[in-house]
2 protein chains.
Amino acid sequence: MNVVVIGIGLIGGSFAKDVKQLFPEAHIIGIDKSDSHLDEALELNLIDEKGDYGVLALADVVYVSIPVNALVHELPKILDVVGDETVVMDAGSTKRLICESVAEHPKRRNYMACHPIAGTEFSGPSAAINGLYEGKTNIICEVEKTAFKLQEKALDIFQKMQMRIRYMNPEAHDKHIAYVSHLSHISSFMLGKTVIEKEKNERDIFDMAGSGFESTVRLAKSSPDMWTPIFEQNRDNVVETLEEYIQNLENFKQLLLDQDYDKVYTEMSDTNKIKQILKGIPLTKNRT
Amino acid sequence: MNVVVIGIGLIGGSFAKDVKQLFPEAHIIGIDKSDSHLDEALELNLIDEKGDYGVLALADVVYVSIPVNALVHELPKILDVVGDETVVMDAGSTKRLICESVAEHPKRRNYMACHPIAGTEFSGPSAAINGLYEGKTNIICEVEKTAFKLQEKALDIFQKMQMRIRYMNPEAHDKHIAYVSHLSHISSFMLGKTVIEKEKNERDIFDMAGSGFESTVRLAKSSPDMWTPIFEQNRDNVVETLEEYIQNLENFKQLLLDQDYDKVYTEMSDTNKIKQILKGIPLTKNRT
């Protein structure tokens, strides 16, 4: 099986690792705009060789894990040159604009629009780990637009990687993901910024911060290269979540100013039911 | 060694567990306003027997791990009845009002004002774990107001529990902790609230939320019984952090509305330096 991974970072590299493990006969070719990433990926044995779009015609599987702004202009070019039996999957954290970019493409049926809900706050080939996708959900959009045989090919891989599949339309995906992912990243970044600005002496942060702080700020380590295009593409939904979040924070602040501690109490106890909801979420192993 | 733990929840229960392990000859008496917690603590072997304030005169060590509003009125009563050689430590997440409550107490020198930066989002005796405090920082305030011999007694225990000690005055503690702990808890609660309100279908949260969401919302499982009094006691500092956090979120939202993605990028990359700062923070083992 010829597998081409375009973008050998955390996401693509981890996919390559899993493929190597689950399909030992697979030959993995890496494509990346960064030569140093490719060299690193070779060194780390994530890929078997470097390549370019010339290899795509003979690929069985193409996994495209690049920033979503790059996806929008690269995906049509990739589809231009793939073979009839090639299935192309992406891992983009937004779906609407990406799906639109290839809506009228003659080889649309070679493409499966995916968003695997998997990741860590780390980046680059050295961040790649085995089992990143295990037990995680893969959101597949417009599945009916992918050729049936190619659906099967892709789903077989995801199944062996032990992913759950959830089907959704691209607009709904972008709307929901703004709430359960994009907003979290912004809250982390801004929390980190607030603390860094105030705590000029970093020693104080070190000494006083516990795992609670760490967990709310962890995502502030995320890559701006990955996240700026995501916020740009999903701007309207993201702005909506920000408005609601800010409103909730303002209200809470007002309750404190009004010294309405009964209401403060209820706000928190009402939100405690997140416990039940969160029970189902699989965490990534190997987290430090 | 007679050890009395007042408040056998996560914090007191974990302290008891560590004491049992490090000081096998210690006799641990539990005091709690909740009979069912005491029964549970006995069942779980966290304590050797139940007691009341009558046992305090003969205690070597008293560990007070109750909500900070209760601390303010109980600590004076506890100091009223302890023996001359008894050291009383608390674990309150605020320090100024608690220190003030016993500032003029004739037995002030029997008290050491502590805030161990340790915890999980779980509560109650069943949440108690070994090693909760290992590698964590204990903030000690007004150490000079504790009798020297009793300082030594307390520090010996913390040392065996492998805690780092950091000395701070109570006002500074409350100011800094608002930024590196209290704000994180509010951000989590409000993030959870925002998502719950929007995502009426909880299935969607399940399916789309990954470990990123989980980490930013984890603290929303925290106990309102513990946190309402903390926010009340540290209100002014907490309101200040909220105002700055909200301002940062507003600014970020405006950048998105202005489509100033270069600035969006820089905001995030500037905050990436949190990576270095967070490197030093020890996480709690046994986290699910």
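These numbers were taken from a predicted model, which means no experiment stands behind them.

## Quick word on the interface of chain A and chain B
And then number 1: Counting residues at the interface gives 94 residues for chain A, matched by 94 residues for chain B.
And then number 2: Three residues, Val 180, Met 208 and Ile 277 of chain A, lead the burial of chain A against chain B; their summed loss comes to 8% of the area buried on that side.
And then number 3: Ionic pairing is found between Lys 198 of chain B and Glu 244 of chain A, a salt bridge with its closest N-O pair at 3.6 Å.
And then number 4: Where chain A packs against chain B, one counts 26 residue pairs in polar contact (both at pLDDT 80 or more).
And then number 5: No other element matches the 20 residues that helix α6 (residues 170–198) of chain A contributes to the side of chain A that touches chain B.
And then number 6: Class assignment for the residues of the side of chain A that touches chain B results in 42 nonpolar, 26 polar and 26 charged.

## What about the relation of the copies chain A and chain B?
And then number 1: Rotating chain A by 180 degrees about the axis while translating it 0.0 Å along that axis superimposes it on chain B, leaving an RMSD of 0.0 Å. In symmetry terms, the pair is related by a two-fold rotation axis. When C-alpha distances to the rotation axis are compared across chain A, the minimum falls at Thr 216 of chain A, with a value of 2.2 Å.
And then number 2: Same-surface contact between copies: 100% of interface residues of chain A are shared with the interface of chain B.

## Quick word on the nonpolar core
And then number 1: Counting 122 residues, the largest nonpolar core has Val 62 of chain A together with Val 62 of chain B as its most contacted members.
And then number 2: When neighbours within four sequence positions are excluded, Val 62 of chain B is seen to be in contact with Val 4, Ile 6, Leu 56, Ile 78, Val 82, Thr 86, Val 87, Val 88 and Met 89 of chain B.

## With respect to the environment of Leu 38 of chain B
Residue and element names in this part refer to chain B.
And then number 1: The residue Leu 38 is located in helix α2 (residues 35–43) in this model.
And then number 2: Along the backbone, Leu 38 and Ile 129 are 91 residues apart, and their C-alpha atoms lie at a distance of 16 Å.
And then number 3: Apart from residues lying up to four places away in sequence, Leu 38 is in contact with Ile 8, Gly 30, Ile 31, Asp 32, Ile 47 and Lys 50.

## So, the domain arrangement of chain A
Residue and element names in this part refer to chain A.
And then number 1: Entries for chain A in the domain assignment read domain 1 (2–169) and domain 2 (173–277).
And then number 2: Domain 1 and domain 2 are separated by 30 Å when their C-alpha centres are compared.
And then number 3: Between domain 1 and domain 2, the contact holds 19 residues from the first and 15 residues from the second.
And then number 4: Carbon and sulfur atoms supply 60% of the area buried between domain 1 and domain 2, which totals about 1,400 Å² over both sides.

## Structural notes on the packing of aromatic side chains
And then number 1: Evaluation of the coordinates by the stated rule reveals 11 aromatic pairs over all chains.
And then number 2: Each ring, one from Trp 227 of chain A and one from Phe 231 of chain A, has its centre 5.6 Å from the other, and the planes form 40 degrees; the classification is tilted. In this pair, Trp 227 of chain A and Phe 231 of chain A are both assigned in helix α9 (residues 224–233), 4 residues apart and thus about one turn of the helix distant. There is no split in this pair, since Trp 227 of chain A and Phe 231 of chain A are both buried.
And then number 3: Ring geometry for Phe 15 of chain B versus Tyr 133 of chain B: centroids 6.5 Å apart, planes at 90 degrees, classification edge-to-face. Of this pair, Phe 15 of chain B sits in helix α1 (residues 10–22) while Tyr 133 of chain B sits in the loop between β6 (111–116) and β7 (137–141); the two residues are 118 residues apart in sequence, bridging distant segments of the chain.
And then number 4: We classify Phe 15 of chain B as buried; its relative accessible area is 0%.
And then number 5: Here the aromatic residues Phe 15, Tyr 63 and Tyr 133 of chain A are joined through ring pairs into a cluster of three or more.

## Looking at the pairing of strand β2 (residues 27–31) of chain B
Residue and element names in this part refer to chain B.
And then number 1: Where burial is concerned, most of β2 is hidden: 4 out of the 5 residues are buried.
And then number 2: Bridge count for strand β1 (residues 2–6) against β2 is 5 bridges, and the pairing is parallel. Across the sheet, the residue bridging to Val 5 is Gly 30, located in β2.
And then number 3: A crossover connection joins β1 to the parallel β2 through α1; in handedness this β-α-β unit is right-handed.
And then number 4: Regarding the hand of the β-α-β motif, the stretch spanning β2, α2 and strand β3 (residues 49–50) is right-handed.

## A closer look at the sheet that holds strand β5 (residues 87–90) of chain B
Residue and element names in this part refer to chain B.
And then number 1: If you trace the 8 strands from one edge of the open sheet to the other, you get β3-β2-β1-β4-β5-β6-β7-β8, paired in mixed fashion. Each edge of the sheet is formed by a strand with only one pairing partner; in this case those strands are β3 and β8 (164–168).
And then number 2: Relative to β8, β7 runs parallel, the two sharing 5 bridges. Pairing of Asn 138 across the sheet is with Ile 165, part of β8.
And then number 3: The strands that helix α3 (residues 68–81) touches are β1, β4 (61–64), β5 and β6; relative to β5, the one it contacts most, it runs at about 175 degrees.

## Looking at the packing of helix α10 (residues 235–257) of chain A against helix α6 (residues 170–198) of chain B
The geometry of a pair of packed helices is captured by two quantities: the angle between their axes and the separation between those axes.
And then number 1: Remark: α10 of chain A packs on α6 of chain B, axes separated minimally by 9 Å, with the N-to-C direction vectors making an angle of 125 degrees. Compared by their axis directions, α10 of chain A and α6 of chain B come out oblique. Crossing of α10 of chain A against α6 of chain B: the hand is right-handed. Residues Glu 240, Thr 241, Glu 244, Tyr 245, Asn 248, Leu 249 and Phe 252 of chain A of α10 of chain A pack against Ile 186, Ser 187, Met 190, Leu 191, Lys 193, Thr 194, Glu 197 and Lys 198 of chain B of α6 of chain B.
And then number 2: A per-class count over the contact of α10 of chain A with α6 of chain B returns 6 nonpolar, 4 polar and 5 charged.

## Notes on the side chain of Lys 221 of chain A
And then number 1: Along the chain, the position of Lys 221 of chain A falls in the loop between α8 (211–217) and α9.
And then number 2: Taking relative accessible area as the criterion, Lys 221 of chain A reaches 11% and is therefore assigned buried.
And then number 3: Polar contacts involving the side chain of Lys 221 of chain A include one to the side chain of Glu 121 of chain A, which spans 3.5 Å.
And then number 4: Discounting chain neighbours no more than four positions away, the residues touching Lys 221 of chain A are Glu 121, Phe 122 and Glu 214 of chain A together with Asn 272, Ile 274, Lys 275 and Leu 278 of chain B.

About the criteria used
- Residues numbered from 1 in each chain as written.
- Chains lettered and ligands numbered in written order.
- Predicted model: local features only at pLDDT ≥ 70, side-chain atom pairs only at ≥ 80, totals over all residues.
- Heavy atoms only, no water.
- Contact = heavy atoms within 4.5 Å.
- Buried area = accessible area lost by both parts, 1.4 Å probe.
- Salt bridge = Lys/Arg side-chain N within 4 Å of Asp/Glu carboxyl O.
- Polar contact = N/O pair within 3.5 Å; in protein donor to acceptor, adjacent residues only side chain to side chain.
- Helix = DSSP H or I, 4+ residues; strand = E, 2+ residues; numbered from the N terminus.
- Nonpolar A, V, L, I, M, F, W, Y, C, P; charged D, E, K, R; others polar.
- Least-squares fit on C-alpha atoms with pLDDT ≥ 70 in both.
- Core = buried A, V, L, I, M, F, W, Y, C linked by side-chain atoms within 4.5 Å.
- Buried < 20%, exposed > 50% of the residue type's maximum accessible area, 1.4 Å probe, protein only.
- Domains from an automatic or database assignment.
- Phe/Tyr/Trp six-rings, centres within 6.5 Å; stacked < 30°, edge-to-face > 60°.
- Pairing = 2+ DSSP bridges.
- Right-handed = clockwise from strand over helix to strand, strands pointing away.
- Axes fitted to C-alpha atoms, helices over the stretch in contact; angles between N-to-C directions.
- Parallel < 35°, antiparallel > 145°, perpendicular 65-115°, else oblique.
- Left-handed = near helix turned anticlockwise from the far one by under 90°.

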